[in-house]
Amino acid sequence: RAYGMRVDSGLGDVVATNEGSISATYSGGLFAGTAFGMLGTSEAGDVTLYNRGGDITTSVSGQSVGMFAQSGQANAVAINVTGTISASSYDGYAVGIVASADNGFASVGNFSSSAETASITAYAAYGYAIGMLGTGYGVTASNTGSIEASGYYLAAGIVAQSTNYTSVSTSEDGSISAIAV
């Protein structure tokens, strides 16, 4: 496993911010491994991850995720603001941003400013590619930037799944491209 930034809490909240450059590569062999640019987890607290103008790159044969926020009992938020995220996998999953809240609200976002563009690229040569993924009791997903997903079995710009409330939006300046072979 490769982690650029890993922040965990059993009962409390997690907050992590990247404004620099993160690269996580796992090269332990084919058909295995995980690489996370930013990983935040809590069993009972809120998890909030921000990429503010930073660059995150992950590469692995297996599961490759730029940002992953996961909470068991509370809320999970993963936001890219004018940053660049690139996740690549040979034969597994490549996902730019994930927020998962088993019993709370999950929020994913990719936000550009008037001067700078936020971009997410997910590439899986022989696997599954997703730009942003949100799962939880309630889910919101917002995009004003650029999302590109290219995968062999599946390609999706935004996936949002909830048991109660789901809201997805992309602005007139936002773009999503999904290509599956």
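Residues numbered from 1 in each chain as written. Predicted model: local features only at pLDDT ≥ 70, side-chain atom pairs only at ≥ 80, totals over all residues. Heavy atoms only, no water.

Let us look at the overall build of the chain. Helix and strand content of the chain: zero helices and 15 strands. Here the C-alpha radius of gyration of the chain, 15 Å, is about what a compact globule of 181 residues would show, namely 16 Å. Expressed as lengths along the three principal axes of its C-alpha atoms, the size of the chain is roughly 40 × 35 × 35 Å. When burial is assessed residue by residue, the chain has 48% of its 181 residues classed as buried. Put simply, of all contacts in the chain between residues at least 6 apart along the chain, 76% involve residues at least 24 apart. Accessible surface, the chain as shown: approximately 7,900 Å² in total, 49% of it carbon and sulfur. (Helix = DSSP H or I, 4+ residues; strand = E, 2+ residues; numbered from the N terminus. Rg over C-alpha atoms; globule rule 2.2 N^0.38 Å. Buried < 20%, exposed > 50% of the residue type's maximum accessible area, 1.4 Å probe, protein only. Contact = heavy atoms within 4.5 Å. Areas by Shrake-Rupley, 256 points an atom, 1.4 Å probe, with all protein chains shown as cover.)

A word on the pairing of strand β5 (residues 47–52). Note: strand β2 (residues 14–18) against β5, five bridges, orientation parallel. Along β5, the bridge assignment pairs N18 with N51. Bridge analysis of β5 against strand β8 (residues 76–81) gives six bridges, and the strand direction is parallel. Each residue of the ladder has a partner; that of Y50, found in β8, is I79. (Pairing = 2+ DSSP bridges.)

With that out of the way, let us pick up the environment of V65. Along the chain, the position of V65 falls in strand β7 (residues 63–71). It is 9.8 Å that separates the C-alpha atoms of V65 and G131, two residues lying 66 residues apart in sequence.

Read from one edge of the open sheet, six strands run β3-β6-β9-β11-β13-β15, paired in parallel fashion. In this open sheet, the two strands that pair with only one neighbour each are β3 (21–25) and β15 (175–180). Across this sheet, the average inter-strand angle for adjacent strands is 0°, counted without regard to direction. Inspection of the sheet shows strand β13 (residues 146–151) paired to β15 by six bridges, in the parallel sense. Bridge pairing links E148 to S177 in β15. (Axes fitted to C-alpha atoms, helices over the stretch in contact; angles between N-to-C directions.)

Ranked by internal contacts, the top residues of the largest apolar core, which has 23 residues, are M38, L49, M67, I97 and M132. Those elements giving two or more residues to this core turn out to be β2, β5, β7, β8, β10 (93–111) and β12 (128–143). No other element matches β10, which puts five residues into this core. (Core = buried A, V, L, I, M, F, W, Y, C linked by side-chain atoms within 4.5 Å.)

Now for the packing of aromatic side chains. Per the counting criterion, the structure on display carries eight aromatic pairs. Judged by centre distance (4.8 Å) and plane angle (85°), the ring pair of Y152 and Y153 falls under edge-to-face. Under the relative-accessibility criterion, Y152 is labelled partly exposed at 32%. A connected cluster of aromatic rings, assembled from ring pairs, spans Y90, Y93, Y126, Y128, Y152 and Y153. Note that R6 overlies the ring of Y3, its terminal NZ or CZ placed 4.9 Å from the centroid. Looking at R52, its charged tip hangs above the ring of Y50, at a distance of 4.6 Å from the centre. (Phe/Tyr/Trp six-rings, centres within 6.5 Å; stacked < 30°, edge-to-face > 60°. Lys NZ or Arg CZ within 6 Å of the ring centre and 35° of its normal.)

Its place among the elements puts N18 in strand β2. Sequence-distant contacts of N18, defined by excluding residues within four places in its chain, comprise M5, M38, Y50, N51, R52, G54, D55 and I56.

Glancing now at the pattern of salt bridges. Going through the model one piece at a time under the given rule, you end up with one salt bridge. With a shortest N-O distance of 2.7 Å, D8 and R6 are connected by a salt bridge. (Salt bridge = Lys/Arg side-chain N within 4 Å of Asp/Glu carboxyl O.)

Here we come to the environment of G40. Relative to the assigned elements, G40 resides in strand β4 (residues 34–42). With a relative accessible area of 0%, G40 lands in the buried category. If we ignore the near neighbours within four places in the chain, the residues touching G40 are V7, V14, V47, L49, F68, A69 and Q70.

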